[in-house]
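What the coordinates show
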Amino acid sequence: MNLILVRHARPLKLSVEEGRADPSLDDEGADQALRLAAALSWLGVDALYASPLKRAIETAAPTASSTGLEVTIEEDLLELDSRMGTYAPDDMLDAESTLAKAYFSGDWSGISAESPEQFVERIRACLDGIVERHRGQTVAAFTHGGVISAWVASVVGAEQFPISWFLSDYGNMSRFQTQGSHKTRIVSLNERPLDHWA
């Protein structure tokens, strides 16, 4: 089957006093979501999945509208830092922040209840399950940079998983031909939707 992993489009910066930060898309992100919808409609998709966070759901919405497909919310597509009370786009991330330090050190104790190994295993099991349910089809999953990085790490057999080793840009997609994490061909990584797909 064909698996398309989409990093959500660019969101707003948000901090909350309680609970997790769950920002919506900014204006640039809304435009990226429309470009993705054109590309995915051109490629042809049979099913749509999304993380339960707003930035993933809102990125998927134009594709759902253009294809007539419903979006299945998948809890296990959540990002590793989804319990944090602050979210900032990549270019606004403070290099001294807890999140930035975790990305580069591999010490996730301040941002996640999971270890890197547990995170990779969660993502592998989630996406392997989607693959099993949609054999012979094309599926787009709207998710997060860390999730995509974890899947790629699993596919290439990376022994260690520093989250910073591969990070998709907002609103970009990575495509795979796969029978599961151990039988996968990488078609593209961090592919920007092109104008000719519109």
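Attention in this report is confined to the structure presented alongside it. These figures come from a predicted structure and were not determined experimentally.

The rules behind each value
Residues numbered from 1 in each chain as written. Predicted model: local features only at pLDDT ≥ 70, side-chain atom pairs only at ≥ 80, totals over all residues. Heavy atoms only, no water. Helix = DSSP H or I, 4+ residues; strand = E, 2+ residues; numbered from the N terminus. Buried < 20%, exposed > 50% of the residue type's maximum accessible area, 1.4 Å probe, protein only. Contact = heavy atoms within 4.5 Å. Polar contact = N/O pair within 3.5 Å; in protein donor to acceptor, adjacent residues only side chain to side chain. Salt bridge = Lys/Arg side-chain N within 4 Å of Asp/Glu carboxyl O. Core = buried A, V, L, I, M, F, W, Y, C linked by side-chain atoms within 4.5 Å. Pairing = 2+ DSSP bridges. Axes fitted to C-alpha atoms, helices over the stretch in contact; angles between N-to-C directions. Patch = residues over 30% accessible without salt bridge, like charges linked within 9 Å, V, L, I, M, F, W, Y side chains within 5 Å. Areas by Shrake-Rupley, 256 points an atom, 1.4 Å probe, with all protein chains shown as cover. Parallel < 35°, antiparallel > 145°, perpendicular 65-115°, else oblique. Nonpolar A, V, L, I, M, F, W, Y, C, P; charged D, E, K, R; others polar.

Moving on, we come to the overall build of the chain. Check the secondary structure of the chain and you find five helices and eight strands. Ordered by position from N to C terminus, the α and β elements of the chain give β-β-α-β-α-β-β-α-α-β-α-β-β. Buried residues in the chain amount to 51% of all 198 residues. When contacts within the chain are restricted to residue pairs at least 6 apart in sequence, long-range pairs at least 24 apart make up 70% of them.

What follows deals with the side chain of Thr138. Its place among the elements puts Thr138 in strand 6 (residues 138-143). Thr138 gets classed as buried once you look at its relative accessible area, which sits at 12%. Polar side-chain contacts of Thr138 include one of 3.2 Å to the side chain of Asn2.

Glancing now at the pattern of salt bridges. Applying the stated rule across the entire model yields five salt bridges. Arg10 serves as the salt-bridge partner of Asp26, at 2.7 Å between the closest nitrogen and oxygen. One end of the pair, Asp26, is in the loop between strand 2 (14-15) and helix 1 (27-43); the other, Arg10, is in the loop between strand 1 (2-7) and strand 2, and 16 residues separate them in sequence. Each member of the pair, Asp26 as well as Arg10, carries the same accessibility label: buried. In this structure, the salt-bridge partner of Glu191 is Arg175, at a minimum N-O distance of 2.9 Å.

On to the nonpolar core. Nonpolar side chains in soluble globular proteins tend to be buried together. Leu3, Leu5, Tyr49, Leu77, Ile123, Leu127 and Trp151 are the most contacted members of the largest nonpolar core, which totals 24 residues. Listing elements by their share of this core, those giving two or more residues are strand 1, strand 3 (47-50), helix 4 (116-133), strand 6 and helix 5 (145-156). The biggest single contributor to this core is helix 4, with seven residues. Sequence-distant contacts of Leu5, that is, excluding residues within four places in its chain, are made with Leu127, Ala141, Ile148, Trp151, Asn172, Met173, Ser174 and Phe176.

Time to look at the sheet that holds strand 1. As summarised here, the arrangement of the six strands in space is 4-3-6-1-7-8, forming an open sheet in which the pairing is mixed. Among the strands making up the open sheet, the edge pair consists of strand 4 (71-73) and strand 8 (184-191). Strand-to-strand twist of the sheet, defined as the mean angle between neighbouring strand axes without regard to direction, takes the value 20 degrees. With five bridges connecting them, strand 1 and strand 7 (residues 173-178) associate as antiparallel partners. Counted as the bridge partner of Val6 is Met173 from strand 7. On the sheet, helix 5 packs against strand 1, strand 6, strand 7 and strand 8 and is oriented at approximately 140 degrees with respect to strand 1.

This paragraph deals with unusual backbone geometry. Its identity as a non-glycine residue notwithstanding, Asn190 has a phi of 55 degrees, on the positive side. Assignment of secondary structure puts Asn190 in strand 8. When its relative accessible area of 23% is taken as the criterion, Asn190 is described as partly exposed.

Here we come to a nonpolar patch on the surface. On the surface, a cluster of nonpolar side chains totalling about 210 Å² of accessible area is made up of Val156, Ile186 and Leu189. For Val156, the position within the fold is in helix 5. Among the residues examined, Val156 registers a relative accessible area of 47% and is labelled partly exposed.

Turning to the packing of helix 4 against helix 5, a few remarks are in order. Contact geometry for helix 4 and helix 5: axes closest at 9 Å, N-to-C directions at 85 degrees. One element, helix 4, and the other, helix 5, form an angle in the roughly perpendicular class. Note on element contacts: helix 5 touches helix 4 through Gly146, Val147, Ala150, Trp151 and Ser154, opposite Phe119, Val120, Ile123, Arg124, Leu127 and Asp128. A class-by-class count of the residues in the contact of helix 4 with helix 5 yields seven nonpolar, two polar and two charged.

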